[in-house]
Amino acid sequence: MLLDTINIIKIRKAIVYFGLMMLVLFVQNIVLSHIPVYKVYAFIPPVAVVAVGFFEGGVWGGVFGLVLGLFCDMSLNDTKILLTVIFPIIGFASGAAAMYFVNKRFFSFFFVSFAALILTAICQMFRFIAVADTNILPVLLTAGLQTLWSLPFTFAVYYPCRALSGVDLSK
């Protein structure tokens, strides 16, 4: 009777997406943290959050964003709760956008990921502009380079997440 209320397919999907989250964190912290381009590092977790929200819906994207934000905030030294707040918003918004406004093709995914990377960069640079008395031009340049350096990873995230979700794009 109790086993009838448990959805094994959703549990399996959650385990697979937890593995995806661990893979994204591994690539971010172990690989990409050692490959700077003009002293700027790529930041790919927002792209993974967009992918889950895009293919699984806003609720899955929000929950995945919350968990990934917690793990990112624990692994990165510069943020306290910033990513824990931003990633669920990105996940839910990308799920809502895919459900109501855009199709689930790569072109749409690319621009939603671009918007998520821009939002993340703006939130990351807010404390440098508002709290610390910093020159805005180097901060904007760093945010732009981080966004541009993170965009090629949309290819590496889109196709595996589309295959995991089982979305049929032939319609």
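In this text the structure is predicted, and so the values were computed from the model without any measurement. (Residues numbered from 1 in each chain as written. Predicted model: local features only at pLDDT ≥ 70, side-chain atom pairs only at ≥ 80, totals over all residues. Heavy atoms only, no water.)

With that out of the way, let us pick up the environment of V52. Within the element layout of this structure, V52 appears in helix α2 (residues 45-56). The exposure class assigned to V52 is buried, which follows from its relative accessible area of 1%. Counting along the chain gives 31 residues from V52 to L83, while the straight-line C-alpha distance between them is 16 Å. In contact with V52, other than residues within four places in its own chain, are Y17, L20, G57, W60, G61 and F64. (Helix = DSSP H or I, 4+ residues; strand = E, 2+ residues; numbered from the N terminus. Buried < 20%, exposed > 50% of the residue type's maximum accessible area, 1.4 Å probe, protein only. Contact = heavy atoms within 4.5 Å.)

Within the fold, Q146 resides in helix α6 (residues 136-150). Take Q146: its relative accessible area is 14%, and that puts it in the buried class. Setting aside residues no more than four positions away along its own chain, Q146 makes contact with V40, Y41, F43 and Q124.

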